[in-house]
Amino acid sequence: YCFNLCSELSSISFTNMNTTKIGTRAFSGCNNIKTIDINSSTKIEIGLSCFSELTNLEKITLSSEEINILDNCFNNCAKLTTISIEQSKNTKFKSNAFSDCQQLKNILIDSSSTIETIITVSAKAKSLHDITLKSEKIKSMNIVSIIAKSFHRFHSTKLKKPVSAVMHFQDAIN
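This write-up is about the structure you can find in this document. These numbers were taken from a predicted model, which means no experiment stands behind them.

**Thoughts on the pattern of salt bridges**
Tallied over the entire structure, the rule returns 1 salt bridge. In this structure, Lys 43 and Glu 45 form a salt bridge, with 3.5 Å as the shortest nitrogen-oxygen distance.

Right under this line is the structure:
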C-alpha cells in the first residue's frame, strides 16, 4: 500500500534494476499514472492488485528475463490500450491480471529468448484486437481465456517452427 491513492504520480519507471518486486496494491488507485516502464535484468514480480484502478493508464512496458504478474494486477485500468513484454524467457500472468481493461487493444511479446508461458489470463478486454509474437524461440503458450468482442488476430512475425498452444476464445459479454 506504499503509494496507494497517490494522485500526484503521472508515470512509473524502474530502470537498470537487477530484480524488481512491487507489493500488493502498492500503486492501486493512483489515477494520474499514464505509463509504466519497468526494466530489470533478472526478474520482475508485481503483487496482487498492484496497479489496479489506474483509470488513466495507457501503456505498460516490462522488460526482464522473468516476469510474474499476480492476480488482478491491472484490474480496471480503463484506458489501458497496450502491453509490451520485452526480453523475457518466462512470462506469467495470473488470473484476471487484466480484467475490466476494456480498452486493451494490443499485447506485444518481443522476446529474443524462449517463453514458456505467455498469457494465463481471463481478460474482459472487449477491445482486444491483436496479440503479436516477435520471437523465433517461443516454445509454448497457454492462453486460458480471452473474452474479447473485437479480437481479430493472433499472429507472429518471426516464428520459424510450430508452437504448442492452448487457447480458448469467447465472445464478449455485452
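**Points about the packing of aromatic side chains**
Applying the stated criterion across every chain yields a total of 3 aromatic pairs. Ring centres 5.0 Å apart and planes at 10 degrees place the aromatic pair Phe 3 and Phe 27 in the stacked group. Here Phe 27 lies in the loop between β1 (11-22) and β2 (35-46) and Phe 3 lies in the segment before β1, a separation of 24 residues in the sequence. An aromatic cluster is present here, built from Phe 3, Phe 27, Phe 51 and Phe 74 joined pairwise through their rings.

**Considerations on the state of the cysteines**
Scanning the model with the defined rule gives 0 disulfides in all. Cys 77 carries a free sulfur, and the closest cysteine sulfur to it, the one in Cys 101, is 4.9 Å from it.

**So, the environment of Leu 108**
Locating Leu 108 in the fold gives a position in strand β7 (residues 106-110). The partly exposed category is assigned to Leu 108, whose relative accessible area is 27%. Between the C-alpha atoms of Leu 108 and Glu 86, which are 22 residues apart in sequence, the distance is 8.3 Å.

The rules behind the values
- Residues numbered from 1 in each chain as written.
- Predicted model: local features only at pLDDT ≥ 70, side-chain atom pairs only at ≥ 80, totals over all residues.
- Heavy atoms only, no water.
- Salt bridge = Lys/Arg side-chain N within 4 Å of Asp/Glu carboxyl O.
- Phe/Tyr/Trp six-rings, centres within 6.5 Å; stacked < 30°, edge-to-face > 60°.
- Helix = DSSP H or I, 4+ residues; strand = E, 2+ residues; numbered from the N terminus.
- Disulfide = S-S within 2.5 Å.
- Buried < 20%, exposed > 50% of the residue type's maximum accessible area, 1.4 Å probe, protein only.

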